[in-house]
Structure formats: structure tokens, C-alpha cells
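Chain by chain, the residues:
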Amino acid sequence: MTSIANIIWFILSGFWAWLVWSFLGILFCLTIVGIPFGFQCFKIGNFGLFPFGKAIDIGTGIGSLLLNLFWILLCGWELAILHLTSAFLLCLTVIGIPFASQCLKLALISLFPFGARVKHL
């Protein structure tokens, strides 16, 4: 079931999400200061490509906390609102509810990418 859901997700949303996150990661990597943020964009983009069958484990630690706070102020909250809006719109149909849960995962990792680990279920 997860394979079919991942294929549908890839066609409808996953490829485009990966493309946008990868482009954002390349932009961040143009500066030395932005390289850690660019790597997080690549992590989120790879997760958003095929999110079914994966879970996110938010890390803890003072280093990841400080970087996550800076990330939220820089661009995290806008991206999380974008994914939350997508989740809300997908919940309007019964068929879209499983895809909305994936948007909620993307919203979570959009807010706290530093220290987060993607694990396979």
C-alpha cells in the first residue's frame, strides 16, 4: 500500500516538493554561512519525495535548538504554514486524508530540521 501511495504522491506533489526544496538548498549553499541550512533543505526534499513508510524523530540538544530557532525565524514558519494549508485542503476530501498526514510530517520537519532523523517504518 505504501508503494502505491508513494507513486501517487510522487506524481502529484513529491517531485515538485523535491525540486523546490533542492533549489532552495542550492541557494543556501551559495554562501558559507548558508551551507548547514542548504543541507537541511536537501534532507527535507529527499524526505518529501517518498514520505509514506517513513517517520520523523525530532532531535534534542542545545546546538540543534539554536539552529532550529534561527531556521524558524529565517524561513521555517512560512514553509510550515504552506504545508499546513496543503494538509487542510487535502482533508476536505476523504481520499486526500492520507496525503494530508504526509503534509503534516513535512510541516513538522519544516519547523525543526536540525537534529531530525528520518527513520523507515
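Residues numbered from 1 in each chain as written. Predicted model: local features only at pLDDT ≥ 70, side-chain atom pairs only at ≥ 80, totals over all residues. Heavy atoms only, no water.

A. Region of interest: the packing of helix α1 (residues 2-28) against helix α3 (residues 62-90). Packing of α1 against α3 leaves a shortest axis separation of 14 Å and a crossing angle of 170°. As the angle between them shows, α1 and α3 are arranged roughly antiparallel. Here Trp 21, Leu 24 and Phe 28 of α1 come into contact with α3, specifically with Trp 71, Leu 74, Cys 75, Leu 79 and His 83. Here the residues of the contact of α1 with α3 sort into seven nonpolar, one polar and no charged. (Axes fitted to C-alpha atoms, helices over the stretch in contact; angles between N-to-C directions. Helix = DSSP H or I, 4+ residues; strand = E, 2+ residues; numbered from the N terminus. Parallel < 35°, antiparallel > 145°, perpendicular 65-115°, else oblique. Contact = heavy atoms within 4.5 Å. Nonpolar A, V, L, I, M, F, W, Y, C, P; charged D, E, K, R; others polar.)

B. Here's a closer look at the layout of surface pockets. Roughly 330 Å³ of volume is contained in the largest pocket. Forming the boundary of the largest pocket are 17 residues, of which Trp 9, Ser 13, Ala 17, His 83 and Ser 86 lie nearest the centre. Breaking the lining of the largest pocket down by element, the ones donating at least two residues are α1, α3 and α4 (97-111). At seven residues, α1 tops the list of elements feeding residues into the lining of the largest pocket. Broken down by class, the residue content of the lining of the largest pocket amounts to 13 nonpolar, four polar and no charged. (1 Å grid on protein atoms, 1.4 Å probe; cavity = no way out; pocket = protein on both sides within 12 Å on 5 of 7 lines; lining within 4 Å. Points joined across faces, edges and corners; volume = space filled by probe spheres on them.)

Shape is all these values report; function is a separate question.
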